[in-house]
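Structural characterization, general
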Amino acid sequence: VTGLDEFSLIELLRQSTPAADRLALGIGDDAAAISMPGGPELLLAVDMLVEGVHFSFPEATPREVGRKALAVNLSDIAAMAARPLAAVIGVCLPRGRAAELGLELHAGLVELAGEFDVAVAGGDTTSSTGPLVISVTLCGEATGRGPVRRAGAVPGDWLMVTGCFGGSRQRHHLDFQPRVEEALALHRAAGLHAMIDVSDGLAADLWHLLEESGVGAQITAESIPIREAALHASDGRTPLAHALADGEDFELIFAVNPADGQAILDSPPTDTPLSRIGTVTDKPGCTLKMPDGRDVPLEPLGWRHPLSGP
Ligand SMILES: [Mg+2]
């Protein structure tokens, strides 16, 4: 299996995981869904942050890392249009500064948990000579309209996004506001056909939604909202390239029928900006209409964790 990338490994694991009756939704979405007798589906998301990979000190403070560890999970529960309920935390602290780091991480996490009415239900701590590792498991509940999956977009749907994209490495990945309220408001206002949050990058996560839905898309470059930080990047890449590939935007991409799309643009159910970036097509693949009118293939650019190599 040498040379497998992260997504190929996940696909192999997915194929060798037995189905379970209680599992309404298993591996392959932003959260799993478990059927609960007589109640709404229970959603489960987990995300792990590793020092040196997802954050580094002193660029991030320990408080910000604790906050981010919960925030990335809130973003996954938001992507299902569900309500977050409770979290458990696993943390491996570097020996020598374990107690001090543990308290600071906890302070950052508990503060955000309070903002989103999430109960901190417990966890496990250990220590090692390695980097700091923190993993949060968040459970949530579906609303009466059920969870929104990555699968479900149909040809003709509008593809829409919350907020803007690119340049997230500068600050945004540490202080973003998970789109939980936005997702719930959109779910009340419109029939959401499919939804995903953007962690790997706008292009990569758009591809995930299209592949799970078995459709293609036509995207208009000029309609992609670009974050201020990406407009002034000094690395020679265009603002558009940053917006498509940087990742960690933690905004939502969703598909709705055109009437619902127009209705939520006319009377937005949230103060967070909403934009239409393209249309779902029955032809597989994804094309990007450039400002000069050219159609170019949109590749699933973005960050893939390398599993082999130097
Ligand atoms: Mg996600």
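See above for the structure.
This text gives an overview of the structure that appears in the document. Positions within a chain are numbered from 1, following the residues in the order the chain's sequence is written. Under the rules for a predicted model, residues below a pLDDT of 70 receive no local features and side-chain atom pairs below 80 are neither given nor counted, while totals for whole chains, interfaces and linings still include all residues. The basis for every side-chain value is the complete set of heavy atoms in the structure, and neither hydrogens nor water enter the calculation.

Let's shift gears to the overall build of the protein. Put simply, DSSP H or I for four residues or longer makes a helix, DSSP E for two residues or longer makes a strand, and each gets a number counted from the N terminus. Helix and strand content of the protein: nine helices and 13 strands. The C-alpha atoms of the protein give a radius of gyration of 19 Å, which matches the 19 Å a tight globule of 310 residues would have. Considered along the principal axes of its C-alpha atoms, the protein spans approximately 60 × 55 × 45 Å. Classification of the 310 residues of the protein by burial places 46% in the buried group. By definition in these notes, contact holds between two residues if any of their heavy atoms fall within 4.5 Å. The long-range fraction of contacts in the protein, counting pairs at least 24 apart against all pairs at least 6 apart in sequence, stands at 82%. Here the accessible surface of atoms and residues is derived via Shrake-Rupley with a 1.4 Å probe, and residues count as covered only by protein chains that are part of the display. Here the protein displays about 14100 Å² of accessible surface, and carbon together with sulfur accounts for 56% of that area. Only four residue types enter the tally: Lys and Arg on the positive side, Asp and Glu on the negative side, with His and both chain ends excluded. Note on charges: their place is set at NZ of Lys, CZ of Arg, CG of Asp or CD of Glu. In the protein, the 22 positive side-chain charges and the 42 negative ones have mean positions that sit 1 Å from each other. Our radius of gyration is a C-alpha quantity, and the globule rule it is checked against amounts to 2.2 Å times the number of residues to the power 0.38. A 1.4 Å probe rolled over the protein chains alone gives each residue an accessible area, and that area as a share of the maximum for its type sets the label: buried under 20%, exposed over 50%, partly exposed in between.

With that settled, consider the pairing of strand β10 (residues 252–256). Here β10 lies mainly inside the structure; five of its five residues are buried. Burial along β10 is two-sided: L252, F254 and V256 and I253 and A255, pointing in opposite directions, are all buried. Pairs of strands are assigned from DSSP output, requiring at least two bridges between the strands. Alignment of strand β8 (residues 194–197) against β10, held across four bridges, turns out to be antiparallel. Within β10, the position partnered with I196 by the bridge is I253.

In spatial order, the strands read β1-β2-β3-β6-β4-β5; together these six strands make up an open sheet with mixed pairing. For this open sheet the edge positions go to β1 (23–25) and β5 (119–128), each flanked by a neighbour on one side alone. Here the strands of the sheet are splayed against their neighbours by 25 degrees on average, with no regard to which way each runs. Under this scheme, a helix contributes an axis fitted over its contacting stretch, all axes are lines through C-alpha atoms, and angles between N-to-C directions fall in the 0 to 180 degree range. Strands β3 (42–50), β4 (82–94) and β6 (133–142) of the sheet are contacted by helix α2 (residues 62–79), whose axis makes an angle of about 145 degrees with β3.

Distances from the magnesium ion to its protein donors, namely D30 (OD), D76 (OD) and D197 (OD), fall within the range 2.0 to 2.1 Å. Listed donor atoms are N, O and S within 2.8 Å of the metal (Na, K and Ca: 3.2 Å). As water is not included, a site may look incomplete. Considered as a linear motif, the donors of the magnesium ion on their single chain read D-x45-D-x120-D. Highlighted residues: D30 in the loop between β1 and β2 (32–34) and D197 in strand β8, separated in sequence by 167 residues. The buried category is assigned to D197, whose relative accessible area is 2%.

Everything listed here is a matter of geometry and, on its own, says nothing about what the molecule does.
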